[in-house]
Amino acid sequence: MFRLVSLNLNGIRSAASKGFVEWAQGVGVDCMGVQEVRAQGSDVAGKYDRLGPLNGHFHFAERKGYAGVGLYTRKEPSDVSAGFGDAEFDAEGRWVEARYDTPKRRLSVISCYFPSGSSGEERQAAKFRFLDRLYPHLMRLKAEREFILVGDVNIAHQEIDLKNWKSNQKNSGFLPEERAWMTRLLTEGGLVDVFRTLNPHPEQYTWWSNRGQAWAKNVGWRLDYHLATPGIAAKARREHIYLEQRFSDHAPVIIDYDFKL
């Protein structure tokens, strides 16, 4: 089995203070994508660049304390690339890709952090630019190789994916244009929302606001995904949203795939 985890850390140092490092070393993953690292290389070196048997590969934002993504891998990749070739968003540290190429398989595992548009119109416009540029990149990648992209997508796709969908239809993360982008990706684009193929049930959330009693009342959103090409998605066997400990305002999404690197 290949165990893959996605987790928005909301700051790697903050998550570490809440037990993330110990958990990551013991959860038996083959690969873990993390987002919103909020650190630079000097902050990570010697502390969080390895988690037990897992070696870290990162794409840090140029701006300190902002965004950033990482991939922790048990098996060393054939190649690692940071960024997806877009100057605006590569400066924000939003894409790191590990490639595992053999004569039998060309597979990428990607950790990606989509922008949030919740702070206002300027960032929402940036989010739409990101979506417009990412889509063709994913289609080019899909034509070349199999992949699993894990990450905080900052979009709840369907009504089932958030508690209060009626009151959030004009809010970033559940805007009609964002949802339409996801629908296009999963239909015309041919990618698979792996979690939903395994778990069709309501109230499967991965993020809770710090306001009110959202966590206590399970007033959440499903913002964290495994998006995969069909061949690799078909190998998914088990899913789990880990709720027993809280390292962040997001929960880890764990999926086991029936293959080995």
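Residues numbered from 1 in each chain as written. Predicted model: local features only at pLDDT ≥ 70, side-chain atom pairs only at ≥ 80, totals over all residues. Heavy atoms only, no water.

Visitor: Explain the pattern of salt bridges residue by residue, including any values.
Guide: Inspection of the entire model under this criterion finds 20 salt bridges. The partner of Arg74 in a salt bridge is Asp30, and the shortest N-O contact between them spans 3.9 Å. Of this pair, Arg74 sits in the loop between strand E5 (69–73) and strand E6 (79–82) while Asp30 sits in the loop between helix H2 (20–26) and strand E2 (31–35), and the two are 44 residues apart along the sequence. Of the charged contacts in the structure, one is a salt bridge between Glu88 and Arg129, with a shortest N-O distance of 2.6 Å. One end of the pair, Glu88, is in helix H4 (residues 87–90); the other, Arg129, is in helix H5 (residues 121–144), and 41 residues separate them in sequence. (Salt bridge = Lys/Arg side-chain N within 4 Å of Asp/Glu carboxyl O. Helix = DSSP H or I, 4+ residues; strand = E, 2+ residues; numbered from the N terminus.)

Visitor: Which residues make up the sheet that holds strand E8 (residues 106–113), and what values do they have?
Guide: If you trace the six strands from one edge of the open sheet to the other, you get E6-E7-E8-E9-E13-E10, paired in mixed fashion. Strand pairing shows two members of the sheet lacking a second neighbour, E6 and strand E10 (192–193), which therefore form its edges. Relative to E8, strand E7 (residues 95–101) runs antiparallel, the two sharing seven bridges. Considered in E8, the bridge of Trp95 is made with Cys112. (Pairing = 2+ DSSP bridges.)

Visitor: So, the packing of aromatic side chains: which residues are in play, and what are the values?
Guide: All chains considered together, the criterion is met by 17 aromatic pairs. Aromatic side chains Phe2 and Tyr257 sit 6.5 Å apart centroid to centroid with 55° between the ring planes, which places their arrangement in the tilted category. Residue Phe2 is located in strand E1 (residues 2–8), and its partner Tyr257 is located in strand E15 (residues 253–257); the two are separated by 255 residues in the primary sequence. The exposure class assigned to Tyr257 is buried, which follows from its relative accessible area of 0%. Every member of this aromatic cluster is reached through a ring pair, and the members are Phe84, Phe89, Trp95, Phe114, Phe130, Tyr135 and Trp181. Here Arg246 stacks its cationic end above the ring of Trp215, 4.0 Å away from the centre of that ring. (Phe/Tyr/Trp six-rings, centres within 6.5 Å; stacked < 30°, edge-to-face > 60°. Buried < 20%, exposed > 50% of the residue type's maximum accessible area, 1.4 Å probe, protein only. Lys NZ or Arg CZ within 6 Å of the ring centre and 35° of its normal.)

Visitor: Explain the side chain of Ser108 residue by residue, including any values.
Guide: Take Ser108: it is sitting in strand E8. Taking relative accessible area as the criterion, Ser108 reaches 0% and is therefore assigned buried. Setting aside anything within four residues of it in sequence, one finds Ser108 in contact with Glu97, Ala98, Arg99, Arg145, Glu146, Phe147 and Ile148. (Contact = heavy atoms within 4.5 Å.)

Visitor: Hey, could you go over the pairing of E8 for me, with residue numbers and the actual values?
Guide: Counting buried residues in E8 gives seven out of eight residues, a clear majority hidden from the surface. Adjacent in sequence and paired antiparallel, E7 and E8 are bridged by four residues. The sheet contact formed by E8 and strand E9 (residues 146–152) spans seven bridges and is parallel. Within the sheet, the bridge partner assigned to Cys112 lies in E9 and is Gly151. With H5 bridging E8 and the parallel E9, this β-α-β connection has right-handed handedness. (Right-handed = clockwise from strand over helix to strand, strands pointing away.)

Visitor: Which residues make up the environment of Ser108, and what are the values?
Guide: Separated by 28 residues in the primary sequence, Ser108 and Val80 have C-alpha atoms spaced 9.3 Å apart. A distance of 2.8 Å separates a polar atom in the side chain of Ser108 from a polar atom in the side chain of Arg145. (Polar contact = N/O pair within 3.5 Å; in protein donor to acceptor, adjacent residues only side chain to side chain.)

Visitor: Which residues make up the nonpolar core, and what values go with them?
Guide: One finds Phe2, Leu4, Val109, Ile148, Val194 and Tyr257 to be the most contacted residues of the largest nonpolar core, which totals 32 residues. Every residue in contact with Ile148, bar those within four places of it in the chain, is listed here: Phe2, Leu4, Ser108, Val109, Ile110, His226, Leu227, Ala228, Ile232 and Tyr257. Core analysis: the next-biggest nonpolar cluster, separate from the first, contains 25 residues, Leu9, Leu51, Leu54 and Tyr72 among them. (Core = buried A, V, L, I, M, F, W, Y, C linked by side-chain atoms within 4.5 Å.)

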